[in-house]
Amino acid sequence: QDLLAMIQGMASGFQTLLWSMLLFFLVVYVVSLLFREFFGRHPQDNVFEYFQNVPRSMFTTFRCSFGDCTTAGGMPIFEHVHLA
């Protein structure tokens, strides 16, 4: 009885986890498309290489969402952004 309740709780928790991962993936995808459009069109030093295509932009956005938003040299990426 208790084991069955525990398994049902884990199954419903797993379903919630999958939905939250899907929502996170969609947010990363939409934000990376926007970053690709704004920062990946015109070559800028230390910015263009991180947003030049959608997969690279998604990886950079994923890294930035967990706090590692730096270039290979250790400088924050968005310190190099110059909006025209």
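Each remark here, short or long, concerns the structure printed above.
Before going into details, it helps to say that this report is about the structure given with it.

Moving on to the overall build of the protein. Secondary structure assignment for the protein yields 3 helices and 0 strands. In the protein, the succession of α and β elements from N to C terminus is α-α-α. Computed over its C-alpha atoms, the radius of gyration of the protein comes to 18 Å, more than 25% above the 12 Å expected for a compact globule of 84 residues. Dimensions of the protein, computed from the C-alpha atoms along their principal axes, are close to 65 × 25 × 15 Å. Once local pairs closer than 6 in sequence are excluded, the contacts in the protein between residues at least 24 apart make up 46%.

Within the secondary structure layout, threonine 60 lies in helix α3 (residues 54–65). Those residues in contact with threonine 60, other than ones at most four positions away along the chain, are Tyr50, Phe51 and Ile77.

Moving on, we get to α3. For α3, with 12 residues, the first-to-last C-alpha span of 16 Å sits near the 16 Å given by 1.5 Å per residue. Within the span of α3, buried status applies to Ser57, Met58, Thr60, Thr61 and Arg63. Put simply, asparagine 53 is the residue that caps the front of α3, since its side-chain oxygen is 2.9 Å from the backbone nitrogen of arginine 56.

This part takes up the environment of aspartate 68. With respect to the helices and strands, the residue aspartate 68 is situated in the segment after α3. It is 16 Å that separates the C-alpha atoms of aspartate 68 and glutamate 49, two residues lying 19 residues apart in sequence. Within polar-contact distance, the side chain of aspartate 68 engages the side chain of threonine 70 at 3.2 Å.

How each quantity is defined
- Residues numbered from 1 in each chain as written.
- Predicted model: local features only at pLDDT ≥ 70, side-chain atom pairs only at ≥ 80, totals over all residues.
- Heavy atoms only, no water.
- Helix = DSSP H or I, 4+ residues; strand = E, 2+ residues; numbered from the N terminus.
- Rg over C-alpha atoms; globule rule 2.2 N^0.38 Å.
- Contact = heavy atoms within 4.5 Å.
- Expected span 1.5 Å × (residues − 1).
- Buried < 20%, exposed > 50% of the residue type's maximum accessible area, 1.4 Å probe, protein only.
- Polar contact = N/O pair within 3.5 Å; in protein donor to acceptor, adjacent residues only side chain to side chain.

This is a description of form; function is not addressed.
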